[in-house]
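One letter stands for each residue in the lines below.
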Amino acid sequence: MKVKFTDLYKLIPEKKKVLSKLNYLIKNSKFVGGDEVKNFEKNFAKYTGSKYCVTLGNGTDALEIAVKSLNLKKGSEIIVPVNTWISTAEAVKNNGYKLVFCDIDLRDYSLSIPDLKRKINSNTSAVIAVHLYGNPSDMYNIKKITQKKNLKLIEDCAQAHGSRIKKKHVGTFGDVGTFSFFPGKNLGAFGDGGAIITNSKKISNFVLRMRNHGALNKYDHNFSGRNSRLDTLNAAVLNHKLTNYKKSLSSRNKLAKIYFSKLKTLSGIQTYKLKKNYEYCYHQFVIRTSSRDKLKNFLTKNKIDTMIHYPYMLNELNFFPNDKKLKNSKNLGKKILSLPISEEHTKDEILYVANKISLFFKKQILNK
Ligand SMILES: Cc1ncc(COP(=O)(O)O)c(C=O)c1O
């Protein structure tokens, strides 16, 4: 059996309906803005339970504009977890703030609360929590800490569409939540896309202007902004996918259960520690093992695709601060492995992957 990591084409639900919608929009020259974009913003705000959603060109812009929207003190520090996609850190650097890395919690790869407390000082102005792999960070505690210290809070939800804590969607705990609709994301467009959600009218209005050269209406520029809009065709695709998203989440959760039941008894590997009242969207299913490279090769030989998110921690990139005191994340890039998981994988495929992993560890024990 061959198990692909993802098959983006397969992930498009009701293809005929989508193509006919795109055909209609193209025939009517509807390419930028319009009802599709407005509807998706309304629908996604409703889905996440936030007052406002403003769509953008991609998740990187969403982060960069979110940081800008908060008007933080010049030269102040922003804390970011060290295991994340580079965009989270770029948003800090590209806005001219000082980047401070925080260690991660090895139980679910979220931000480490003890290290967060250590990293906060009188020059800290904000924290960006990342719900990596779709695992919600401990937002009730993080919020308590940031509120007490009067810090702004951004949530990077690029990988966490549908992840919730006590039914509350991630991205709604802090000042602003950011999303990516990159094709490989759980809710993926046919190209780049992004959004912010917020309950603040002020932030929402700022982002609306920022994405459109500082203007809300034609030629009413208030400041120098940029062009970062979700296009109409992609808004239509996302509107359609959002309608079907509940089903996708349920399939991903069912497949994750198979991994947990098969892998939890293996002594050489660690899976996630799931928390009560947390809902997970399983953007990635990541395991950790000191035999990572050997396991990856073994799975490749058995025609199973895997990936690594990410092979380096951001403090290992030489243009970012090189904080050597981050204990949990040290060498993490050499131990983690992302297994195939999506709503289009079958139970048999996931069982096949899990059984091959069990076989690998059994062989390892016999060879010792
Ligand atoms: C955690 C995280 N933040 C931000 C981004 C950036 O999103 P985009 O690729 O849409 O710019 C990504 C995308 O990979 C991501 O995974």
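Reading the values: the criteria
Residues numbered from 1 in each chain as written. Predicted model: local features only at pLDDT ≥ 70, side-chain atom pairs only at ≥ 80, totals over all residues. Heavy atoms only, no water. Pairing = 2+ DSSP bridges. Helix = DSSP H or I, 4+ residues; strand = E, 2+ residues; numbered from the N terminus. Phe/Tyr/Trp six-rings, centres within 6.5 Å; stacked < 30°, edge-to-face > 60°. Buried < 20%, exposed > 50% of the residue type's maximum accessible area, 1.4 Å probe, protein only.

*Asks:* Describe the sheet that holds strand β12 (residues 278-279), naming the residues involved and giving the relevant values.
*Replies:* The antiparallel open sheet is built from three strands, whose spatial order is β9-β8-β12. A single partner strand is all that each edge strand has here, and the edge strands are β9 (168-169) and β12. Here strand β8 (residues 164-165) pairs with β9 via two bridges, running antiparallel. Paired with Arg-164 across the bridge in β9 is His-169.

*Asks:* Which residues make up the packing of aromatic side chains, and what values do they have?
*Replies:* How two aromatic rings sit relative to each other is given by the distance of their centres and the angle of their planes. Inspection of every chain in the model, using the stated rule, returns 23 aromatic pairs. Taking 4.9 Å as the distance between ring centres and 90° as the angle between the ring planes, the aromatic pair formed by Phe-44 and Phe-179 counts as edge-to-face. Remark: Phe-179 occurs in strand β10 (residues 176-180) and Phe-44 occurs in helix α2 (residues 35-48); sequence separation between them is 135 residues. Like Phe-44, the residue Phe-179 is buried in the burial classification. Ring centres 5.9 Å apart and planes at 80° place the aromatic pair Phe-101 and Phe-320 in the edge-to-face group. Placement of Phe-101 in strand β3 (residues 98-102) and of Phe-320 in the loop between α10 (292-301) and β14 (336-339) is noted, with a sequence separation of 219 residues between them. Among the aromatic side chains, those forming a connected cluster through ring pairs are Tyr-109, Tyr-133, Tyr-259, Phe-260, Tyr-272, Tyr-278, Tyr-280, Tyr-282 and Phe-285.

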